[in-house]
Amino acid sequence: MLTVFENLTFEQLPFYLHLMRHLAERGVLVPAPIANHQGEIINTLHGKPASIVTKLIGACQLAPAPVHCAEVGAMLAKMHVAGKDFNIQQPNLRDLAWWKATTPVVLPYLPDDGQQMLRAEMQFQESFAATSEYRQLQRGPIHADLFRNNVMFDGERLTGFFDFYFAGFDTWLFDVAVTVNDWCIDLATGALDMPRVRAMLDAYHAERPFTDAEQIAWQPMLRAAALRFWLSRLYDFYLPRDAEMLTPHDPTHFERVLQKRIAEPAPVLFGAI
């Protein structure tokens, strides 16, 4: 399948495409970039970067059951383990530094209660990022955007992860939290659906066991994952880019998710339930 990149540059693409090839070579189900006769996986088409990648079969599962969540959890753990020896470094471009820069930009658009919650959550996340528990979290390449529409299924069989263009180095637990906050919730309320949560976490833990530090960090990380997408949706909604062709997502969805993650205890990652 040919992909022509309209927004990403030749300088930005190597991390994403080489990560995909690295993962595919280790048995992770992702589109694999195909090299040309010169061994290059990034080509030029009408002056724009382009790449040919293998095509995934199936369709997105937008109403997942526990069996689908288990498949996603297991493959996400395999992806994290497979990425441990990937040697190109790029930070998560939507990490705490981006949150700190974006918060004052979007604050004026929020009502008073929204401003208060955003300021309080930023203070909480900055404080947590300074703790020893946070520093102990395992890190590596993460997908960072593994929503339902970025995974393909053939029936109940997962056939691949795609759209790696928010990937970067960050904590694996953040990647798990982003995924749980989309796959394992009631979309109307943002509440966690426990059978789906348990299926995903147990399948992940069977492939790459969670650590004690991750158990401690789990609720803060669920909050962080909700905050990241609340902020990005606020930014896209109130400050759309000139070339943006898609209708911005409603930011109030992740505002509700964040409220739930603050108010309710997080399910345990592993161990006694």
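Each remark here, short or long, concerns the structure printed above.
In this report, we go over the structure that sits alongside the text.

## Quick word on the pairing of strand β5 (residues 151-154)
Summarising the sheet, β5 and strand β6 (residues 157-161) pair through 4 bridges and their orientation is antiparallel. From the neighbouring strand, V151 faces β6, where its bridge partner is F161. The turn joining β5 and β6, which pair antiparallel and follow one another in sequence, is formed by 2 residues; a positive phi near 65° is taken by G155.

## A word on a nonpolar patch on the surface
A cluster of nonpolar side chains, namely L2, V4, I34, L45 and I52, defines an oily patch on the protein surface of about 380 Å² accessible area. In this structure V4 comes out as partly exposed when scored by relative accessible area, which is 31%.

## Details of helix α1 (residues 13-25)
An ideal rise of 1.5 Å per residue puts 18 Å on 13 residues; α1 measures up with 18 Å between its terminal C-alpha atoms. For α1, every residue scored as buried is listed here: L13, F15, Y16, L17, L19, M20, H22 and L23. Here the buried face of α1 lies against β3 (48-52), α2 (66-82), β4 (139-142) and β7 (168-171). Within two residues after α1, G27 carries a phi angle of roughly 85°, on the positive side.

## What to know about the nonpolar core
Of all hydrophobic cores here, the largest spans 77 residues; its most connected members are F161 and V180. Per-element accounting of this core gives the leading share, 13 residues, to helix α8 (residues 212-238). Apart from residues lying up to four places away in sequence, F161 is in contact with L29, V30, P31, L56, V72, M75, L76, M79, L146, N150 and V151.

## Quick look at the environment of L158
Positionally, L158 belongs in strand β6. L158 sits in the buried class, given a relative accessible area of 3%. Residues L158 and M75, spaced 83 residues apart in sequence, show a C-alpha to C-alpha distance of 8.4 Å. Sequence-distant contacts of L158, that is, excluding residues within four places in its chain, are made with L29, E71, V72, M75, V151, M152 and F153.

## Here we look at the packing of helix α4 (residues 112-129) against helix α9 (residues 252-263)
Direction vectors running N to C along α4 and α9 enclose 55°, while the axes themselves pass 12 Å from each other. With respect to α9, the axis of α4 lies oblique. As for how α4 packs across α9, the hand of that crossing is left-handed. Contacts from G114, M117 and E121 of α4 reach α9 at E255, L258, Q259 and I262. In the contact of α4 with α9, the residues fall into 3 nonpolar, 2 polar and 2 charged.

Cut-offs applied
- Residues numbered from 1 in each chain as written.
- Predicted model: local features only at pLDDT ≥ 70, side-chain atom pairs only at ≥ 80, totals over all residues.
- Heavy atoms only, no water.
- Pairing = 2+ DSSP bridges.
- Helix = DSSP H or I, 4+ residues; strand = E, 2+ residues; numbered from the N terminus.
- Patch = residues over 30% accessible without salt bridge, like charges linked within 9 Å, V, L, I, M, F, W, Y side chains within 5 Å.
- Areas by Shrake-Rupley, 256 points an atom, 1.4 Å probe, with all protein chains shown as cover.
- Salt bridge = Lys/Arg side-chain N within 4 Å of Asp/Glu carboxyl O.
- Buried < 20%, exposed > 50% of the residue type's maximum accessible area, 1.4 Å probe, protein only.
- Expected span 1.5 Å × (residues − 1).
- Contact = heavy atoms within 4.5 Å.
- Core = buried A, V, L, I, M, F, W, Y, C linked by side-chain atoms within 4.5 Å.
- Axes fitted to C-alpha atoms, helices over the stretch in contact; angles between N-to-C directions.
- Parallel < 35°, antiparallel > 145°, perpendicular 65-115°, else oblique.
- Left-handed = near helix turned anticlockwise from the far one by under 90°.
- Nonpolar A, V, L, I, M, F, W, Y, C, P; charged D, E, K, R; others polar.

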